[in-house]
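Remarks on the overall topology
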Amino acid sequence: PDDFTILALETSCDETAAAVVRGGRTVISNIVASQMATHERYGGVVPEIASRQHILSLAPVVRAALAALPNGWNDVHAVAATHGPGLSGALLTGLNAAKAMAWQRGLPFVAVNHLEAHLYAGWLGSEPLPPFPLVALLVSGGHTLLALIHDHGQYELLGQTRDDAAGEAFDKVARILGLGYPGGPAIQAAAAQATPGGVLPRAWLRDSYDFSFSGLKTAVLHRVQDRLAQAARLSGRKGSNETPQLDAPFVAQMAYAFQESVVDVLVTKTVDAARRYKAQAILLAGGVAANRRLREELKRRAGVPVHLPALDLCTDNAAMVAAAAFYRFHAGVQHGWDVDVTANLPL
Ligand code: KG4
Ligand code: ZN
């Protein structure tokens, strides 16, 4: 199966993506059309707009992905698409397009779980491949979970977030700090400008592998409100009636302290779980896995090899969907034309 080639689509949120992957790990093409700019002015993803944009982008994105194959469709052995979790309307566009193409070409079809796909980013281009048992930390805009992977397709959930997902916390705090959307990269950039120092609380939730980030978000909000009130008093004294603004050094300091708090909790729990379950390695996945501080701190404290997907494979893409489909297909999984989307599909 080393040359088994899969064309996969991903449309669970705001990226329209198509990719071709060979043998479950060699990326032949990986095309992502981001809708970020479209949703930016709303401060988040608008589901109806996302669906419409996917419909416009799907055909060109698929064409570009197939262009990397010398014989186009003739080199494709199976088609895959994400069927959940995600926005129903958005998922439907990619799932239906993929089903139609597979049907028309007479190719097998595999529906893929988006969370599983994020984990399989760790198999793309990786040398050596991740060993089992493996502890995986999946941190994205919609999910935060810590899992023990016994083997392909065998997941044991160790913990998850009780409120905001890690990426969601980055996005909300970025908004509070006036840093824009998406928040992760913006916070990372602002934090890099800070002089280290300043500590925000950590929600440890003792004796649990669960996470909580909403208290941290509220702590940032309170510091910001205090700062603005202070600035208003100062400008009032000077007789100015301008609306007070957050100053850049304060924003950088908050971004830094927030990022350190999130990274500390994520890394501490992940490393603890890896020790307890005698994991052979740790795998980091999901959009927040692109965070430089998280990558660096996890490697420093892991004690076992750490598998870090390339940055462009951490955020939503279709290559990871193809990789997950490869292992599902070779475990005997195939789906019929009746497979539907499931907005809240669990891992
Ligand atoms: O996995 P993903 O692309 O989409 C979901 O399935 O949710 O993750 C997107 C999330 C966003 O919340 C974004 O702010 C976050 O990943 N993110 C980051 C970084 N790059 C993206 N968070 C922290 N640091 C980053 N460098
Ligand atoms: Zn995702």
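Worth saying up front: this structure is predicted, and the values here are computed from it rather than measured. Counting starts from 1 at the beginning of each chain's written sequence and moves along it residue by residue. Going through the entries in the order they are written, you letter the chains from A and number the ligands from 1. Since the coordinates come from a predicted model, pLDDT governs what is reported: local features require at least 70, and pairs of side-chain atoms require 80 or more to be given and counted, while whole-chain, interface and lining totals use all residues.

Nearness here is judged by the C-beta atom: place it from the backbone, and if it falls within 6 Å of a molecule or strand, the residue counts as near that partner. Taken together, the neighbourhood of ligand 1 is formed by 19 residues, with G141, G167, G184, G287 and N291 sitting nearest. Among the secondary structure elements, those contributing two or more residues to the shell around ligand 1 are α5 (166-176) and α6 (183-191). Helix and strand definitions here come from DSSP, where helices need a minimum of 4 consecutive H or I residues and strands a minimum of 2 consecutive E residues; each element is numbered from the N-terminal end. With four residues, the top contributor of residues to the shell around ligand 1 is α6. The residue classification treats Ala, Val, Leu, Ile, Met, Phe, Trp, Tyr, Cys and Pro as nonpolar and Asp, Glu, Lys and Arg as charged. All others, Gly included, are polar. Partitioning the shell around ligand 1 into residue classes produces six nonpolar, eleven polar and two charged. Reported domain spans reflect what an automatic or database domain assignment gives. Of the domains in this structure, domain 1 (5-122 + 314-330) and domain 2 (132-308) are the two that each give at least three residues to the shell around ligand 1.

Let us look at the domain arrangement of the chain. Here the domain parsing of the chain yields domain 1 (5-122 + 314-330) and domain 2 (132-308). Between the C-alpha centres of domain 1 and domain 2 there is a distance of 28 Å. Two residues qualify as being in contact provided that their C-beta atoms, derived from the backbone, are within 7 Å of each other. Contact with domain 1, which involves 15 residues of that partner, is made by 17 residues of domain 2. The dominant element in the side of domain 1 that touches domain 2, judged by the number of residues it contributes, is helix α4 (residues 114-120), at three residues. Classifying every residue of the side of domain 1 that touches domain 2 gives seven nonpolar, five polar and three charged.

Let us now look at the UniProt feature "binding site: substrate" (unreviewed entry) in the chain. UniProt positions are given in the numbering used here, feature names are shortened, and annotations may be inferred rather than shown by experiment. Residues annotated by UniProt as "binding site: substrate" (unreviewed entry) correspond here to L138, V139, S140, G141, G142, D171, G184 and N291. Looking at the secondary structure, you find L138 in strand β6 (residues 134-139). Relative to the assigned elements, G142 resides in the loop between β6 and β7 (144-151). If we ignore the near neighbours within four places in the chain, the residues touching G142 are P85 and A165.

Along the chain, G84 connects to P85 via a cis peptide bond; the corresponding omega equals -10 degrees. Relative to the helices and strands, P85 resides in the loop between β4 (78-84) and α3 (88-105). Of note, the amide linkage connecting F132 to P133 takes the cis form, showing an omega dihedral of -5 degrees. Examined against the element boundaries, P133 turns out to sit in the loop between α4 and β6. Backbone geometry at L205 places phi at a positive 45 degrees, although glycine is not the residue there. Along the chain, L205 falls in the loop between α6 and α7 (214-237). Despite not being glycine, D207 shows a phi value in the positive range, around 60 degrees. As for its position among the elements, D207 is in the loop between α6 and α7. Partly exposed residues are those whose C-beta has more than 12 but fewer than 20 other C-beta atoms within 10 Å; with 20 or more the residue is buried, with 12 or fewer it is exposed, and the C-beta atoms are placed from the backbone. In this structure D207 comes out as exposed when scored by C-beta crowding, with 6 C-beta atoms within 10 Å.

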